[in-house]
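Listed below, chain by chain, are the residues.
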Amino acid sequence: MRVLNAGQFAEYARRQIAAADEILTRHGRVAGDLCRCERPWPCPVAASCVSMREHYRARMAVIEATMRLPVVGTAPVSRLPVLRRLVGGLVRAVRWQDR
Ligand SMILES: [Zn+2]
């Protein structure tokens, strides 16, 4: 089994989300309770794609919150505790949503 690092997983997840988005362009509720694919709404394809997209979006939120990012500037030392609290709060919020 191949193990992906965070960057590789992020790329994989982005491709999965893009694939789900592309498939979902051919599905969606139309008049009544029908999907564009003419199955009853919600059709299993659309439900599966939405579920997959949400799964990868949640994982991406965790990875992006913990991934080492390139340095684009410097923050004054006095602001670092504020940034730590902000990032910590975001990570806790994502973890709470994963429950
Ligand atoms: Zn459909």
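Residues numbered from 1 in each chain as written. Predicted model: local features only at pLDDT ≥ 70, side-chain atom pairs only at ≥ 80, totals over all residues.

Enquirer: Help me out: how do you make sense of the overall build of the protein chain in this one?
Expert: Looking only at helices and strands, one finds three helices and zero strands in the protein chain. The helix and strand sequence of the protein chain, counted from the amino end, reads α-α-α. The C-alpha radius of gyration computed for the protein chain amounts to 19 Å, which surpasses the reference 13 Å derived for 99 residues by more than 25%, pointing to a less compact arrangement than a globule. With respect to the three principal axes, the spread of C-alpha positions in the protein chain is 60 × 35 × 25 Å. Taking all 99 residues of the protein chain together, the buried fraction comes to 6%. If you take every contact in the protein chain between residues at least 6 apart in sequence, the share linking residues at least 24 apart comes to 50%. (Helix = DSSP H or I, 4+ residues; strand = E, 2+ residues; numbered from the N terminus. Rg over C-alpha atoms; globule rule 2.2 N^0.38 Å. Buried ≥ 20, exposed ≤ 12 C-beta atoms within 10 Å, placed from the backbone. Contact = placed C-beta atoms within 7 Å.)

Enquirer: It is not clear to me how the packing of helix H1 (residues 6-24) against helix H2 (residues 44-66) should be interpreted in this structure. Could you clarify?
Expert: Two quantities define a packed helix pair, namely the angle between the helix axes and the distance between the axes. Their axes nearest at 9 Å, the elements H1 and H2 cross at an angle of 155°. Between H1 and H2, the interaxial angle falls into the category roughly antiparallel. Handedness of the H1/H2 crossing: left-handed. Contacts between H1 and H2 involve Ala6, Phe9, Ala10, Ala13, Gln16, Ile17, Ala20, Asp21, Ile23 and Leu24 on the former and, on the latter, Val45, Ala46, Cys49, Met52, Arg53, Tyr56, Arg57, Arg59, Met60 and Ile63. Partitioning the contact of H1 with H2 into residue classes produces 15 nonpolar, one polar and four charged. (Axes fitted to C-alpha atoms, helices over the stretch in contact; angles between N-to-C directions. Parallel < 35°, antiparallel > 145°, perpendicular 65-115°, else oblique. Left-handed = near helix turned anticlockwise from the far one by under 90°. Nonpolar A, V, L, I, M, F, W, Y, C, P; charged D, E, K, R; others polar.)

Enquirer: So what exactly am I meant to see when it comes to helix H3 (residues 80-97) here?
Expert: Owing to its 3.6 residues per turn, the α-helix aligns residues three or four sequence positions apart on the same side. The terminal C-alpha atoms of H3, which comprises 18 residues, lie 26 Å apart, in line with the 26 Å expected from a rise of 1.5 Å per residue. Burial analysis of H3 places just zero of its 18 residues in the buried class, a small minority of the element. (Expected span 1.5 Å × (residues − 1).)

Enquirer: Honestly, unusual backbone geometry in this entry has me stumped. Any pointers?
Expert: Between tryptophan 41 and the following residue, proline 42, the backbone shows a cis peptide bond with an omega angle of -5°. Of note in the backbone geometry, glutamate 38 takes a positive phi value of approximately 75° without being a glycine. Within the secondary structure, glutamate 38 sits in the loop between H1 and H2.

Enquirer: Can you help me understand the packing of H2 against H3 in this one?
Expert: One way to put it is that H2 packs onto H3 with a least axis distance of 10 Å and a crossing angle of 155°. Between H2 and H3, the crossing angle belongs to the class labelled roughly antiparallel. In this structure, H2 crosses over H3, and the sense of that crossing is left-handed. From H2, Ala58, Ala61, Val62 and Ala65 reach across to H3, where they touch Val87, Leu90, Val91, Val94 and Gln97. Of the residues that constitute the contact of H2 with H3, the class distribution is eight nonpolar, one polar and no charged.

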